[in-house]
Amino acid sequence: MTTIDARRRHERRRALRASALALGSTIVVFGGLILLVVNSPGWAEVQRSFLDDRVFADALPSVVRSFAVNIQLFVAAEVLVLVFGLFIAVLRSLPGPVFFPVRIMATVYADIFRAIPGVLVIFLLGFGIPGLGLVDPKTPSIIYGVAALTLVYSAYVSEVYRAGIDSVHPSQDAAARSLGLSRWQSLRHVVIPQAIRRVIPPLLNDFIGLQKDTVLVSFIGVVEIFRQAQIKQAAAFNFTPYMAVALVFVVLTIPLARLTDVLIARDRRRAAGGKA
Amino acid sequence: MRSNLGTAVVGAIAIVVVVALVIALGSRSSGGTAASSAPATVAASGATSESPSASASEAASPSSTACAKESLTLVTPGKFTIGTDNPAYPPYFLENPDKHKTEPWELGDPTNATGFESAVGYAIADKLGFTRDEVAWVVVPFANSFAPGAKNFDIDLNQVSFKPERAQTADLSDGYYFGNQSLVVMKDSPLASATSIAALKDHTFGAQVGTTSYDTIVNVIKPSKDPAVYDTNDAAIEALGKGTIDGIVVDLPTADFITNVQLENSKIVGQFEGAGATPEHFSAVLAKSSPLTPCVNSAIAALDSEGTLDALASQFLPFQDAVPVFGP
């Protein structure tokens, strides 16, 4: 008994020492970097341009307010991406020679929209579609932004879904079919539910990317958080408003990143057969 | 699992420490005091010496000796370096009559001394004693003209409108051009015959980001619809042509170029004057507290009093009076 206690004490001490060392080295490294930056010859000027508290206080309310536009953009796009990405993934997973053209189309779609930079898709839709004369030219540009983000991120997400579908063992499908489920029922009730649960962490990862890419919609005239900061920046000749934008995204993204980590850790525990 | 938690805790503490340090330093006027009390040591050159030439030249008044060509502090010794953005748009910069291009300039060629800002640039250089060969042009995107750090230009001529807030970050010369903002719409638009600002209220207008054109929409037109704001005038023109927006606000010389060259079937409806809008003028951008600023100002004053600025404006921007002024 005493030896086990001693070992526990030892382990605890060692963990504590490791944490202290990590904390110490972190402070030294970051402190050193900070000192290096603040003692650089141009620091005073950089500080005035990027960390002006008056400009910050002036910009923050309008920057935060215009973030509502980004929220609209990414919430709408995320819902559409979840549906459309799954649709593409299912098309790509359809077996049989009859569906070859469908598979080809889905593959070409995923390839093309992962290849084209998102900002170009936004530009092409935002300035191209109104020129066709098929839609009301007064359609708000934010609609084109949602459409472009959906097209781009559905391509990524369809690959994520596909990986999830492929990771479900064929025996699951075989078992379902042998119980009399049709191919579609097996996909719908057996394969996809398992697949989706597995791909939630990489999905969240893609959504973090999507949320940040909403600022690209500013290119077609939408005044969202980045464009609002740019307006403030140009009015004051000062870059501090961008720090406010960075802060908003950090506050939004870090909790989501931690949630993703927790979900991944939970999945690993489940896969290892430990307690869920 | 425990080690993961430990890492997370340490990471969180480190982030908090870093953020706290940055905030503490950010709210202080100088990083010097924090540097001396912090435990970690780092080779800190220049920790004690204060930022150079911050206010030394503030009091310097333009005098013939201070602005003598030999005593000027220049980015490239012996050369007067002028910055502007690329493409260099007409009528501020014009292409060469034989269409040849000077790398890297597009649309207009600043080096040919035709076009309003090109001519003003050479005229200022001339007043300071530089020959045409001693003038060099560099590409300076708008945001770079006031970004912190050393400048790669002596003066920047890029249709930058004077604003007091801007003058806190960079030196802005006295005005070399005084002009109004104007509204461009398509000829078949209901706005094409508008004569008052009141008639513009319920429409969507676009402008380039960071311009006083945007300010004109927000502060003078005050439309009920949110304005659209683009990176470039070209994107705004595209949106106007496609009917996404009802009109764009630009300065008059640019409006002239748009309606004559860039966008078919567009027209200038009117110009904005008074109505609380501060009288607009374009200023040259210089480094904050540049010793060159008083010299450039006296050059501009000389060009103004001898009538050169007006002559160049009427040579390159010859349409000002023809555009009606909006009523309230």
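Predicted model, so just to flag it, every value in this text is computed and none were measured. (Residues numbered from 1 in each chain as written. Chains lettered and ligands numbered in written order. Predicted model: local features only at pLDDT ≥ 70, side-chain atom pairs only at ≥ 80, totals over all residues.)

Chemist: Explain the overall build of chain A to me, using residue names and the numbers behind them.
Modeler: If you tally the helices and strands in chain A, you get 10 helices and zero strands. Taken from the N to the C terminus, the helices and strands of chain A come in the order α-α-α-α-α-α-α-α-α-α. Computed over C-alpha atoms, the radius of gyration of chain A comes to 25 Å, more than 25% over the 19 Å expected from 2.2 N^0.38 for 276 residues, which places it beyond the range of a compact globule. Projected onto its principal axes, the C-alpha positions of chain A cover 80 × 70 × 25 Å. Counting contacts in chain A only where the partners sit at least 6 residues apart, residues at least 24 apart contribute 75% of the total. (Helix = DSSP H or I, 4+ residues; strand = E, 2+ residues; numbered from the N terminus. Rg over C-alpha atoms; globule rule 2.2 N^0.38 Å. Contact = placed C-beta atoms within 7 Å.)

Chemist: Requested: an account of the sheet that holds strand E10 (residues 266–271) of chain B, with residues and values cited.
Modeler: Residue and element names in this part refer to chain B. Spatially, the five strands line up as an open sheet ordered E8-E7-E9-E6-E10, and their pairing is mixed. On the outer flanks of this sheet lie strand E8 (228–230) and E10, each paired with one strand and no other. Looking at each pair of strands side by side, their axes are set apart by 30 degrees on average, direction ignored. Here helix H5 (residues 233–242) sits on the sheet in contact with strand E6 (181–186), strand E7 (205–208), E8, strand E9 (247–251) and E10, set at roughly 160 degrees to E7. (Pairing = 2+ DSSP bridges. Axes fitted to C-alpha atoms, helices over the stretch in contact; angles between N-to-C directions.)

Chemist: Summarise the environment of Ala236 of chain B; cite the residues concerned and give the values.
Modeler: All names here are of chain B. Mapped onto the secondary structure, Ala236 falls in helix H5. Sequence separation between Ala236 and Gln208 is 28 residues; the distance between their C-alpha atoms is 6.9 Å. Beyond its immediate sequence surroundings of up to four residues, Ala236 is in contact with Gly206, Ala207, Gln208, Tyr230 and Ile248.

Chemist: Any details on the packing of helix H3 (residues 53–93) of chain A against helix H8 (residues 183–213) of chain A? Residues and values, ideally.
Modeler: Residues and elements named next belong to chain A. Relative to each other, H3 and H8 sit at 140 degrees, their axes nearing to 11 Å. As far as their axial angle goes, H8 and H3 are oblique. Read as a crossing pair, H3 and H8 show a hand that is right-handed. Across the interface between the two elements, Phe74, Ala77, Glu78 and Val90 from H3 touch Leu187, Phe207, Leu210 and Gln211 from H8. Partitioned by chemical class, the residues of the contact of H3 with H8 number six nonpolar, one polar and one charged. (Parallel < 35°, antiparallel > 145°, perpendicular 65-115°, else oblique. Left-handed = near helix turned anticlockwise from the far one by under 90°. Nonpolar A, V, L, I, M, F, W, Y, C, P; charged D, E, K, R; others polar.)

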